[in-house]
Amino acid sequence: MADALLAFGLLAQIMLGSTGSMATTGKLQAESSTAARVVPVTTALPGREEDGRVADIAFRLAVAGSKWCEVTEPTLGLVLQHLSQFEPGDRAGLVTGYALDRGPGVIVVVPAGPTAGIVEPGDVLLAIDGTALPPEVDLPARFDARIAHARADAIADPLAAKTAPFTITLLRRGVVSTVRVTPVSGCPSYVHLARSRQRNAYADGRHVFLTTGLVARMRDDDELAFVVAHEMAHNILRHATLMRSDSVKHGLGHTLGTSGRIVRQAERDADTLAGALMIDAGFDPVRGAAVLARLGNDLGLFAAHDSAGRRIAAMQALVAAQRMP
Ligand SMILES: [Zn+2]
């Protein structure tokens, strides 16, 4: 199973959120779940601790920095898995071990999230507000990224549509129960961890993908938060639309042309927003940006950006400005 995870784990691990705006944010956050809150000892399935680390950082950035986002999303702080993201040969083990034939399974519960102490890693989601989640049918004979993505959306959408407290029916160690959860709002933060030796991170407009190979090179959480926040910022600032526009597309590769300037400015804007998200979430953006100098050209994702020195200096200026009275 490990190999399939290495190859395909990326594709449908969803950091739950939605693209819808939430008009009643303040009210929602003021309400609290009536369920007893117990800080759990375990917040990720065994072997999925790195997913937990990434999800925790993404959640902190998204929620603490929500004032920087025009559009916020309800967030539960859960990472889920489901059968169509795995190769057929691995599915039987996942049904036996995690009952994934009954519904999507919880990989991670973010400790600071609204479901901590209510939902546990290993739980299977059966129904939302009493409505059963659509069953996973038409499992392909081999892994199919489009089907995996569609399934991820089919799970995420009904959860993300819930802007008020709602119930989740869970299967836990063979016992069915119903819990009440209250989403919090945050910046869009669908962050996916891919099991791959490649070192890469990118944003596609809605999702952020980063690889375990890249995470392994991060010296600390500040560096990892810098990479996650930078890619989240591209999505928040809708840079994917900009990059797909004709004026930019035709000029890619000509770094001195108009396109080069547009791309470089977008990268600067992403760094600036990333720095703001990091400060609000309690990370150190200067220490985080140090990853640029430390790994340098080893990180292909940082092509078309300013020099590492200039970007680190920009983070220093940002922190200094924040300290001004
Ligand atoms: Zn970038």
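Residues numbered from 1 in each chain as written. Predicted model: local features only at pLDDT ≥ 70, side-chain atom pairs only at ≥ 80, totals over all residues. Heavy atoms only, no water.

Caption draft 1: Geometry of the overall build of the protein. When its secondary structure is counted, the protein shows 12 helices and 12 strands. Out of the 325 residues belonging to the protein, those deemed buried represent 52%. Intrachain contacts of the protein at a sequence separation of at least 6 include 74% that bridge at least 24 residues. In the form shown here, the protein has an accessible surface area of approximately 14400 Å², with 54% of it arising from carbon and sulfur atoms. (Helix = DSSP H or I, 4+ residues; strand = E, 2+ residues; numbered from the N terminus. Buried < 20%, exposed > 50% of the residue type's maximum accessible area, 1.4 Å probe, protein only. Contact = heavy atoms within 4.5 Å. Areas by Shrake-Rupley, 256 points an atom, 1.4 Å probe, with all protein chains shown as cover.)

Caption draft 2: Focus on the nonpolar core. Leu61, Val191, Leu210, Leu224, Val228 and Met232 are the most contacted members of the largest nonpolar core, which has 37 residues in total. Secondary-structure elements contributing two or more residues to this core are helix H3 (49-64), strand S10 (190-194), strand S12 (207-211), helix H6 (212-215), helix H7 (221-236), helix H10 (258-281), helix H11 (285-295) and helix H12 (308-323). Here this core takes nine residues from H7, the largest share from any one element. Among the domains, domain 1 (2-186) and domain 2 (217-323) are the pair contributing at least three residues each to this core. When sequence neighbours within four positions are dropped, the list of residues in contact with leucine 210 reads Val54, Val191, His192, Leu193, Ala194, Asn200, Ala201, Val215, Leu224 and Val228. Formed by 18 residues, the second largest nonpolar core is a distinct cluster that contains Val109, Ala116, Leu133 and Ile155. (Core = buried A, V, L, I, M, F, W, Y, C linked by side-chain atoms within 4.5 Å. Domains from an automatic or database assignment.)

Caption draft 3: Fine view of the sheet that holds S12. Strand order in this open sheet of three strands is S10-S12-S11, and the pairing throughout is mixed. Each edge of the open sheet is held by one strand with a lone partner, namely S10 and strand S11 (201-203). Neighbour to neighbour, the strand axes of the sheet diverge by 15 degrees on average, direction disregarded. Two strands pair when backbone bridges link them, and S11 and S12 are joined in this way by three bridges, in the antiparallel orientation. Note on S12: the bridge partner recorded for alanine 201 is leucine 210. (Pairing = 2+ DSSP bridges. Axes fitted to C-alpha atoms, helices over the stretch in contact; angles between N-to-C directions.)

Caption draft 4: Summary view of the pairing of strand S8 (residues 175-181). Sheet analysis places strand S7 (residues 166-172) next to S8, joined by seven bridges and oriented antiparallel. Bridge pairing links phenylalanine 166 to valine 181 in S8. Hairpin remark: S7 followed by S8, antiparallel, with two residues in the connecting loop; positive phi at arginine 173, about 50 degrees.

Caption draft 5: Highlighting the packing of H3 against H7. Interhelical geometry of H3 versus H7 gives an angle of 60 degrees and a closest axis separation of 10 Å. Comparing the axis directions of H3 and H7 gives the class oblique. Once H3 is placed against H7, the crossing between them reads as right-handed. Across the interface between the two elements, Arg53, Val54, Ile57, Ala58, Leu61 and Ala62 from H3 touch Asp221, Leu224, Ala225, Val228, Ala229 and Met232 from H7. When its residues are assigned to classes, the contact of H3 with H7 shows 10 nonpolar, no polar and two charged. (Parallel < 35°, antiparallel > 145°, perpendicular 65-115°, else oblique. Left-handed = near helix turned anticlockwise from the far one by under 90°. Nonpolar A, V, L, I, M, F, W, Y, C, P; charged D, E, K, R; others polar.)

Caption draft 6: Looking closely at the confidence of the model for the protein. For the protein, the mean per-residue pLDDT works out to 81, and 80% of the residues sit at or above 70. Every residue in residues 1-37 scores below 50 in pLDDT, and together they form 112 contacts with partners more than four places removed in sequence or on other chains. Counting contacts from residues 250-256, a segment whose pLDDT is below 50, to residues more than four positions away or on other chains yields seven contacts. (pLDDT = per-residue confidence, 0-100.)

Caption draft 7: Summary view of the side chain of arginine 91. Mapped onto the elements, arginine 91 comes out in helix H4 (residues 88-98). For arginine 91, which is buried and forms no salt bridge, the nearest opposite charge comes from glutamate 87, at a distance of 5.9 Å. From its side chain, arginine 91 meets the backbone oxygen of phenylalanine 86 in a polar contact 3.1 Å long. Among all residues touching arginine 91, those that are not within four sequence positions of it are Leu83, Phe86, Leu139, Pro140, Arg142 and Phe143. (Lys, Arg positive; Asp, Glu negative; His and termini not counted. Salt bridge = Lys/Arg side-chain N within 4 Å of Asp/Glu carboxyl O. Polar contact = N/O pair within 3.5 Å; in protein donor to acceptor, adjacent residues only side chain to side chain.)

Caption draft 8: Spatial organisation of the environment of histidine 82. Here histidine 82 shows up in the loop between strand S3 (78-81) and H4. For the pair histidine 82 and valine 106, spaced 24 residues apart in sequence, the C-alpha separation works out to 9.0 Å. A distance of 3.1 Å separates a polar atom in the side chain of histidine 82 from a polar atom in the side chain of serine 84.

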